[in-house]
Amino acid sequence: DSGVTQTPKHLITATGQRVTLRCSPRSGDLSVYWYQQSLDQGLQFLIQYYNGEERAKGNILERFSAQQFPDLHSELNLSSLELGDSALYFCASSVLSGITDTQYFGPGTRLTVL
Amino acid sequence: GQQVMQIPQYQHVQEGEDFTTYCNSSTTLSNIQWYKQRPGGHPVFLIQLVKSGEVKKQKRLTFQFGEAKKNSSLHITATQTTDVGTYFCAPYAGNNRKLIWGLGTSLAVNP
């Protein structure tokens, strides 16, 4: 158990809908990262927040947005969902924001778009 | 943008055989981390390499960072069924802080 929690575990929804994925980092960690993992794309970095502020941006679509709240939990919002958004979404956390930080991954949320 | 290639994409070995995966970058890396993801699980941190030419060992696993800091390798000696999973390299790009992950190498071990 990494100490990172993600809810829900599974989510099934329809195209065009909007969903919110939630992540609680390990106690004491200030950074939260979001990743998308699909079979053909591997693990894609989406975005990083550090202490409430956006720190780094990866291949995140405009239909997706994220935020980190004062209590350091984070939410990833996915809107106008498409079939291709079906994937496993991981959240990870680290103590700081530096390039040498170890990331601790949560168990993931499996999103299925029908 | 920075390109990272991880090879091979898949590897199937007999238990007891050795295994190596390579991570190659088109540009010089700041550092590199390796993660392992078991089937149905989440990535778990294995090691971080920072210095040019660095070699680190964890039991049967040997990690290497190239002299030019453009490539890295993970070698497993005498694989076991517990080694099954996907191994990812996660190189750090430096100033832009973009986290560029390789596609991973999926290792299958026949008992």
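Residues numbered from 1 in each chain as written. Chains lettered and ligands numbered in written order. Predicted model: local features only at pLDDT ≥ 70, side-chain atom pairs only at ≥ 80, totals over all residues. Heavy atoms only, no water.

### As for the overall build of chain B
For chain B, the count of helices and strands is zero helices and ten strands. Overall, chain B shows an N-to-C arrangement of helices and strands of β-β-β-β-β-β-β-β-β-β. The C-alpha radius of gyration computed for chain B amounts to 13 Å, which stays within 12% of the reference 13 Å derived for 111 residues, consistent with globular compactness. Each principal axis of the C-alpha atoms in chain B carries an extent, and together these give about 45 × 25 × 20 Å. Buried residues in chain B amount to 48% of all 111 residues. Looking at chain B alone, contacts between residues at least 24 apart form 53% of all its contacts between residues at least 6 apart. Carbon and sulfur atoms form 50% of the exposed surface of chain B, whose accessible area is close to 5,400 Å². Once the 11 positive and 6 negative side-chain charges of chain B are each reduced to a mean point, those two points are 12 Å apart. (Helix = DSSP H or I, 4+ residues; strand = E, 2+ residues; numbered from the N terminus. Rg over C-alpha atoms; globule rule 2.2 N^0.38 Å. Buried < 20%, exposed > 50% of the residue type's maximum accessible area, 1.4 Å probe, protein only. Contact = heavy atoms within 4.5 Å. Areas by Shrake-Rupley, 256 points an atom, 1.4 Å probe, with all protein chains shown as cover. Lys, Arg positive; Asp, Glu negative; His and termini not counted. Charge placed at Lys NZ, Arg CZ, Asp CG, Glu CD.)

### Structural notes on the side chain of threonine 62 of chain B
Of note, threonine 62 of chain B is situated in strand S7 (residues 61-65). Setting aside its immediate chain neighbours within four residues, threonine 62 of chain B contacts Val55, Lys56, Lys57, Ser73, Leu74 and His75 of chain B.

### Details of a nonpolar patch on the surface
Residues Met5, Ile7 and Tyr22 of chain B make up a contiguous nonpolar surface patch of roughly 300 Å² in combined accessible area. Counting through the fold element by element, methionine 5 of chain B comes out in strand S1 (residues 4-7). (Patch = residues over 30% accessible without salt bridge, like charges linked within 9 Å, V, L, I, M, F, W, Y side chains within 5 Å. Salt bridge = Lys/Arg side-chain N within 4 Å of Asp/Glu carboxyl O.)

Purely geometric numbers; function is a separate question.
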